[in-house]
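So you can see what is in the structure, the chains are spelled out below.
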Amino acid sequence: YGTSKINNKGHLEIGGVDTTSLSEKYGTPLFVYDVKDICNRAQEFKMAFDKQQMKYQVAYASKAFSCIAMIQLVEELGLSLDVVSGGELYTALQAGFPVERIHFHGNNKSPEEIEMAVREGIGCIVVDNFTELTWLMGITQSLGKQMKVLIRITPGVEAHTHEYISTGQEDSKFGFDIQSGQAGKAIETIEAHEFLILEGVHSHIGSQIFETNGFTSAIEEIYKVLVVWKKTLNYDLKVLNLGGGFGIRYTKEDTPLPLEKYVESMVEAVKEKSLEAGMELPEIWIEPGRALVGEAGTTLYTIGSRKDIPGVRSYVSVDGGMTDNIRPALYQAKYEASIANKMNDKLEETVSIAGKCCESGDMLIWDLEVPNVDIGDVLAVSSTGAYGYSMANNYNRILRPAVVFVEDGKDQCVIERETFEDLVRHERNYQSNKTQGR
Ligand code: LLP
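By convention here, each chain's residues receive numbers from 1 onward along its written sequence. Since the coordinates come from a predicted model, pLDDT governs what is reported: local features require at least 70, and pairs of side-chain atoms require 80 or more to be given and counted, while whole-chain, interface and lining totals use all residues.

Per an unreviewed UniProt entry, the protein chain goes by the name Diaminopimelate decarboxylase and belongs to Evansella tamaricis. Taken from UniProt, the Pathway (unreviewed entry) comment for the protein chain reads in full: "Amino-acid biosynthesis; L-lysine biosynthesis via DAP pathway; L-lysine from DL-2,6-diaminopimelate: step 1/1." Under Subunit (unreviewed entry), UniProt gives the following word-for-word description of the protein chain: "Homodimer." UniProt positions are given in the numbering used here, feature names are shortened, and annotations may be inferred rather than shown by experiment.

Participant: Could you give an account of the sheet that holds strand β3 (residues 17–18), naming the residues involved and the relevant values?
Facilitator: By the convention used here, strands pair only if DSSP detects at least 2 bridges between them. Helix and strand labels come from DSSP, where a helix needs a run of H or I of at least four residues and a strand needs a run of E of at least two; each type is numbered from the N terminus. Strand order in the open sheet formed by three strands is β1-β2-β3, and the pairing between neighbours is antiparallel. Looking at the sheet topology across the chains shown, the edges are occupied by β1 (5–6) and β3. One ladder, built from two bridges, connects strand β2 (residues 12–14) with β3; its direction is antiparallel. Bridge pairing links Glu 13 to Asp 18 in β3.

Participant: For the domain arrangement of the protein chain, give the residues involved together with the corresponding values.
Facilitator: Start and end positions for the domains come from either an automated domain assignment or a database one. Segmentation of the protein chain into domains returns domain 1 (5–29 + 297–384 + 401–418) and domain 2 (35–293). Just the C-alpha atoms count here: the centres of domain 1 and domain 2 sit 34 Å apart. Every contact between the two is made by 14 residues of domain 1 and, on the other side, eleven residues of domain 2. Among the elements of the structure, β20 (402–407) and β21 (410–415) are those that each provide at least two residues to the side of domain 1 that touches domain 2. Residue composition of the side of domain 1 that touches domain 2, grouped by class: eight nonpolar, three polar and three charged. A residue pair is marked as a contact if its C-beta atoms, positioned from the backbone, fall within 7 Å. Residue polarity follows a fixed list, in which Ala, Val, Leu, Ile, Met, Phe, Trp, Tyr, Cys and Pro are nonpolar, Asp, Glu, Lys and Arg are charged, and the others, Gly among them, are polar.

Participant: Give a description of the site of the ligand that names residues and reports values.
Facilitator: Residues in contact with the ligand amount to 19 residues; listed here are only the nearest, Ser 207, Gly 244, Gly 289, Arg 290 and Tyr 387. The residue makeup of the shell around the ligand, split by class, is eight nonpolar, seven polar and four charged. Proximity of a residue to a molecule or strand is defined by its backbone-placed C-beta atom lying within 6 Å of that partner.

Participant: Talk me through the confidence of the model for the protein chain; I want residue IDs and the actual numbers.
Facilitator: Predicted confidence across the protein chain gives a mean pLDDT of 95, with 97% of residues reaching 70 or more. For this predicted complex, the interface score ipTM comes out at 0.99, alongside a pTM of 0.96. Each residue gets a pLDDT score, which is the predictor's confidence in that residue and runs from 0 to 100.

Participant: Would you mind going over the environment of Gln 179 in detail, with residue names and values included?
Facilitator: Considering the arrangement of structural elements, one finds Gln 179 in the loop between β10 (176–177) and α7 (182–191). Exposure classes come from backbone-placed C-beta atoms, where a residue is buried if 20 or more other C-beta atoms lie within 10 Å of its own, exposed if 12 or fewer do, and partly exposed in between. A count of 10 C-beta atoms within 10 Å places Gln 179 in the exposed class. The contacts of Gln 179, once residues within four sequence positions are left out, are Gly 156 and Glu 170.

Participant: Talk me through helix α3 (residues 68–76); I want residue IDs and the actual numbers.
Facilitator: For α3, the full list of buried residues reads Met 70, Ile 71, Leu 73 and Val 74. Relative to the axis of α3, the buried residues are bounded by an arc of 155° and lie together on one face. Its buried side turned inward, α3 meets α2 (35–51), β5 (56–61), β6 (80–83) and α4 (86–94). To be clear, the arc concerns the directions from the helix axis to the C-beta atoms.

Participant: Which residues make up the UniProt feature "binding site: substrate" (unreviewed entry) in the protein chain, and what are the values?
Facilitator: The feature "binding site: substrate" (unreviewed entry), as annotated in UniProt, sits at Arg 290, Arg 327, Tyr 331, Glu 359 and Tyr 387 in this numbering. For the residues just named, distributed over 98 residues, the greatest C-alpha separation reaches 27.0 Å, placing them at more than one site. Along the polypeptide, Arg 290 turns up in helix α10 (residues 290–293). Apart from residues lying up to four places away in sequence, Arg 290 is in contact with Ala 64, Ser 207, Gln 208, Ile 248 and Ala 386. Tracing the sequence through the fold places Tyr 331 in helix α11 (residues 327–331). With 16 C-beta atoms counted inside 10 Å, the residue Tyr 331 sits in the partly exposed group.

Participant: Quick rundown of the pairing of β21? Include the residues and the values.
Facilitator: Pairing between β20 and β21: five bridges, direction antiparallel. Considered in β21, the bridge of Val 403 is made with Ile 415. Between β20 and β21, which pair antiparallel one after the other, the connecting turn spans two residues, and Asp 408 there sits at a positive phi close to 50°.

Participant: Describe in detail the environment of Gln 53, supporting the description with residues and values.
Facilitator: Positionally, Gln 53 belongs in the loop between α2 and β5. Judged by local crowding, Gln 53 falls into the exposed class, with 9 C-beta atoms found within 10 Å. Expressed as a C-alpha distance, the spacing of Gln 53 and Val 267, which sit 214 residues apart in the sequence, is 9.9 Å.

Participant: Can you tell me about the nonpolar core, naming the residues and giving the values?
Facilitator: Soluble globular proteins tend to bury their nonpolar side chains together. Ranked by size, the top nonpolar core spans 119 residues in total, and within it Leu 81, Val 149, Ile 151, Met 266, Ile 353 and Leu 379 carry the most contacts. Setting aside residues no more than four positions away along its own chain, Val 149 makes contact with Cys 124, Ile 125, Val 127, Ile 190, Leu 196, Ile 197, Leu 198 and Glu 199. The nonpolar core is taken to be a set of buried Ala, Val, Leu, Ile, Met, Phe, Trp, Tyr and Cys residues joined by way of C-beta atoms within 7 Å.

Below, the structure is given as structure tokens:
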């Protein structure tokens, strides 16, 4: 999908731009996004649905990477948008994203966030629990504004992925569970409410999934209960949102399916189950985050200090780490990297890449084969486009990096690097009580 290659200087080039010149121009750490890569992936999702002649929406899960420019790109690509907080919604509004294509998720939306969504008239709210439902009923009623909703259910399917990012099992903080009848009760409540319009059902089983059978099992479970709801509640499904979670390649051990395979298998299963149940075909919505932006992002770092422990290991440190990519520390996530200014050089040594935080767990990559590394070399870590910048933090008062988009030989800065002033912007001086005799 992407456009990276090695140029005639032996440097890593992305979107027709030499990454070493990007590191000089913007400094490091730097997130570089290959815009074409994102476009190609969006296109593949859309074409897969078009081929099946389905009604669909592909909503970009903006938690993977949200900023005004990204959301404007999503709009240009004709996708919808999934937001999970007032902040993500605000960003989407600032980007001028069409409100009717915004879907609002989350297991603890506050009354203020719900009100913001209702006032703005966004596309739908994915209702997660009874507390939220009660608030939503009150807010729509008092504003006299209708809201379309999906209900999120946990289909009781376990995706084979890291437990922190697995969400489809019954014992989960997300959604209404089907077994105990809560989901059915939520449907009744919504259908009876004057200002709520029930659009459909949502299920998200987890992330970084490489097989289609998690999705098809979820579809089976959902249809089992849909058949019951049709009988008992006279409920007809209009929209089935199957969430995101399509796996990507971080290292060569990852073998993601072509994106269209996920779509094909979902559509086939839904067609088959609808036919069996004598139901009309619903619209299918999906919410890819990582699959749209993960592989499009590369982080550039500058190599700094080095520590060789003879016979044990060489630690090579970079100017970022868990502050711009917390995934290795949080999920033991693995990454691949290369030296952007030495792409054609022979691999000569094995080093471990350390971040700059005061924390032993701040290791980006263990045992990476590289050419002989020198101070000042540029390390390019690939597949950092999802949950990198979006989970970035200021631990150790390290600045969040800049983000650039590259395409057709041009680069544009879409998020500027933070400054030291940014770090203290919201802070106030201490008012001492000492002179009062403390
Ligand atoms: N839809 C829902 C309801 C979700 O909860 C998520 C992710 C997505 C869509 C998008 O999933 P994706 O296609 O990006 O896998 N921070 C973790 C991932 C947490 C995902 C949370 N929900 C990571 O870095 O792997």
